[in-house]
Amino acid sequence: MMTLSQLCRDLPVAIRAEGDPRVQGITLDSRAVRPGFIFAAVVDAYRNGENFISDAVKREAAAVLAAENFDGGGAPLILAKDVRKILGIMAHRLAGDPTKDICLIGVTGTNAKTTFTYIMESILLADGRRVGVVGTITHRYDGKVFPAPNTTPEAPDLARFFDKMRGQGVNTAVMEVSSHGLALDRVAGCRFDAAVFTNLSRDHLDFHRDDEDYLAAKMKLFTEHLKPGKETPAIVNIDDPAGKRIVAARGGKAATYGRDSGAMYRIESFTADSTGLEMNLSTPRGAMKITSPLLGHYQAYNVTAAVAAAMEMGIGKETIIDAVAAMRGVPGRMENIPDDEIDVIVDYAHTPDAVRTVVEAGRKMTRGRLITIFGCGGDRDKGKRPLMAQAAQSASDIILVTSDNPRTEDPARIIDDILTGVDLDQCDRLDDKTLGAYEGRRGVWIEINRPKAVACAIHNAKAKDMILIVGKGHEDYQIIGKEKFHLDDREEAAKALKARRRNAAEPKVS
């Protein structure tokens, strides 16, 4: 607990309140206000907190944090130009500045953030560290697992979570830092000891103004949130044009990785197949041979990012090699659903670049036809819908267009938008009666009902076919309208495979 003046020390705020009340907490949800709490009246694309100030005052808020031009009508006020940034700093101060005692590694990029955290977690645990993770699939530490409503939680939730980690002896944490989390200053108050950039491609343009605004948000991790000092590592994919810009923004101070001849951690060669990945790296500490069970040629970048981060933190080569080889797969990331006859893989890919990468990986691994099932979310960037179709069709024999999370949009209209990316006159239109025998390379099938699409594809697949189910990965729900319904692609695939095996075992009646 701190007094209001202690909490605001050295911050660019103006206090308009009688006395110096003691502050117990801070929140941006007026319903969570209790006596001694500050209510942060955040105004952004998602909320207008100024509409709930009267509710916070009725709940005996110690003060209201609001925009510097706000007239509170007598409410105790803390006025600030940047309410969200001050909210984050205050939240961490009230929690005792937990990340000053935790080595915090942040990873940002359009794709691969989750996979990086799993690889990094495996390495850190092998190094004997007490590890916490804040990510898209779960938040976790010390064997405790918590749901992840946001990839990057709001600042008060983050501060409390890191404080709990510290209380359980966690000394190192890995955190996915989303563009939303950076643009909305959810990580204000966090002290990052290392930052990793994976890649950048089109995403979230329903939130960001354009690609430049999207990159600017990602870049903030490297220009605003790293602990000062040249020894603080920034690990950057130099093969990505955005990575080159991040390195330039840091004045060249970065540990680069990729296939570029100038990369500090250089991918010399690699092979990828249905059993995993083998690769040879050149590093500042000499050559390394790495094996990983992760599927897909693009995993070479994800593994190299984690190797570079670990080595920059001083972790030994043998520890890294053994940890990468021993780690399990990542939920919903090129996750194989076991079957002896066909290959079924579920992946979270939901951007054009990610879908193209995943289908290219599938093409290299498949023993037969490649069937890709995908859709696009409603109430999100409509411009990427035709691009998703082009990406899916780039290496697939058959694309099956279905629903993702339609939300408040008509699923059929979403599919119509997707199909504008396909030259239907040059494609073969399929259904559940023609899929099984199809031998071409440009088949298109439409089925709005996602579980039915998965079941029909698996039922009609030939031996050695590969079915890629992309877009939802680890998610166990589908949003239709404003309601969530249980739906897990992995469960649907396993159920369909079981039915396929049962049908094959039944005696045929002549």
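Look a little higher up for the structure.
These figures come from a predicted structure and were not determined experimentally. Each chain carries its own residue numbering, running from 1 in the direction its sequence is written. Only residues with pLDDT of at least 70 are given local features in this predicted model, and only at 80 or more are side-chain atom pairs given and counted; all residues enter the totals for whole chains, interfaces and linings. Note that the side-chain values use all heavy atoms of the structure and ignore hydrogens as well as water.

Draft legend 1. The arrangement of the pairing of strand S20 (residues 343-347) in detail. Partly exposed describes any residue whose relative accessible area lies between the buried limit of under 20% and the exposed limit of over 50%, with all areas from a 1.4 Å probe on protein chains only and scaled to the type maximum. Only DSSP runs of H or I with at least four residues qualify as helices, and only runs of E with at least two residues qualify as strands; both kinds are numbered from the N terminus onward. In terms of burial, S20 is a largely internal element, five of the five residues being buried. On S20, burial covers both faces: Asp 343, Ile 345 and Asp 347 on one face and Val 344 and Val 346 on the other are all buried. For strand S19 (residues 335-337) and S20, the ladder comprises three bridges, and the chain directions are antiparallel. Residue pairing across strands places Ile 337 opposite Val 344, the latter belonging to S20. The pairing criterion for strands is at least two bridges between them, as found by DSSP. The antiparallel pairing of S19 with S20 creates a hairpin that spans five residues between the two strands.

Draft legend 2. Seen up close, the packing of aromatic side chains. Only rings of Phe, Tyr and Trp enter the pairing, Trp through its six-membered ring, and a pair is recorded when the two centres are within 6.5 Å. The plane angle decides the type: under 30 degrees is stacked, over 60 is edge-to-face, the rest tilted. Throughout the structure, instances matching the rule amount to three aromatic pairs. Ring plane angle 70° and centroid distance 5.4 Å describe the contact between Tyr 141 and Phe 161, whose orientation is recorded as edge-to-face. Residue Tyr 141 is located in strand S10 (residues 138-141), and its partner Phe 161 is located in helix H5 (residues 155-167); the two are separated by 20 residues in the primary sequence. The same class applies to Tyr 141 as to Phe 161, namely buried. Look at Phe 146 and Phe 161: their rings are 5.5 Å apart centre to centre, the planes differ by 90°, and that puts the pair in the edge-to-face class.

Draft legend 3. Spotlight on the sheet that holds strand S5 (residues 37-40). As summarised here, the arrangement of the five strands in space is S2-S7-S6-S5-S4, forming an open sheet in which the pairing is mixed. Edge positions in the sheet fall to strand S2 (13-16) and strand S4 (25-27), since each of these pairs with one other strand and no more. The average angle at which neighbouring strand axes cross in this sheet is 20°, direction not considered. Contacts: residue pairs with any heavy atoms within 4.5 Å of one another. Each axis is a line fitted through C-alpha atoms, and for a helix only the stretch in contact is used; angles between axes span 0 to 180 degrees, taken between their N-to-C directions. Strands S2, S4, S5, strand S6 (63-67) and strand S7 (77-80) of the sheet are contacted by helix H3 (residues 83-94), whose axis makes an angle of about 145° with S6.

Draft legend 4. Structural view of the nonpolar core. Here, the term nonpolar core denotes a set of buried Ala, Val, Leu, Ile, Met, Phe, Trp, Tyr and Cys residues that are joined through side-chain atoms within 4.5 Å. Residues Ile 105, Phe 116, Met 120, Ile 123, Ile 290, Val 303 and Ile 320 are the most contacted members of the largest nonpolar core, which totals 42 residues. Among the elements that make up this core, the one with the highest residue count is helix H9 (residues 299-312) (nine residues). Residues in contact with Ile 320, not counting those within four places in the same chain, are Ile 123, Met 288, Val 307, Ala 310, Met 311 and Ile 315.

Coordinates in, geometry out; function isn't part of it.
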